[in-house]
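# Notes for the structure review
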Amino acid sequence: TLSVVEVTGIESEVQQRIRFYPNPTSGFLKLELGSIWESQLSITVTDISGKIVRQRFYQSQPIVEIDPSELGSGFYWISPRDSKLEFHFRILIKH
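Residues numbered from 1 in each chain as written. Predicted model: local features only at pLDDT ≥ 70, side-chain atom pairs only at ≥ 80, totals over all residues. Heavy atoms only, no water.

### Observations regarding the pattern of salt bridges
Counting across every chain of the model gives four salt bridges. As a salt-bridge pair, lysine 30 and glutamate 65 come within 3.7 Å of each other at their nearest N and O atoms. With a gap of 35 residues between them, lysine 30 in strand β3 (residues 29-32) and glutamate 65 in strand β6 (residues 63-66) connect regions that are remote in the sequence. For lysine 30, a relative accessible area of 31% corresponds to the partly exposed category. Of the charged contacts, one joins arginine 81 and glutamate 86 as a salt bridge, the two residues approaching to 3.0 Å between their closest N and O atoms. (Salt bridge = Lys/Arg side-chain N within 4 Å of Asp/Glu carboxyl O. Helix = DSSP H or I, 4+ residues; strand = E, 2+ residues; numbered from the N terminus. Buried < 20%, exposed > 50% of the residue type's maximum accessible area, 1.4 Å probe, protein only.)

### Section: the sheet that holds β6
The strand order β2-β3-β6 describes an open sheet built from three strands, whose pairing is antiparallel. Bordering the open sheet on either side are β2 (19-21) and β6, each of which pairs with just one other strand. On average, adjacent strands in this sheet sit at an angle of 15° to one another, irrespective of strand direction. (Pairing = 2+ DSSP bridges. Axes fitted to C-alpha atoms, helices over the stretch in contact; angles between N-to-C directions.)

### As for the pairing of strand β5 (residues 52-59)
Regular strands have side chains that alternate between both faces of the sheet. As paired strands, strand β4 (residues 40-47) and β5 are joined by seven bridges and run antiparallel to one another. Residue leucine 41 lies in a different strand from β5, and its bridge partner there is tyrosine 58. Between the antiparallel neighbours β4 and β5 lie four residues, among them glycine 50 with a positive phi of about 100°.

Purely geometric stuff here, so don't read any function into it on its own.
Encoded structure:
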């Protein structure tokens, strides 16, 4: 099930190739990126106040799993980016 609250910063054609689920979640989040990214990708997690709470770097992977167990319950922004693309998903973590 895909339940994206809001996506910003990408074209609708690219948006259709990206899946992010489950949302809301109490466990691992999966981000299916497909083949639109360059070899180096960063994923930043930002809390609702704008504070960066986590940033990880990945080599080209079609699926990335994010473990939110260290984060408190609430809304967060997940922001994958490379040198050409960036987008933002708002997610809800429930513990």
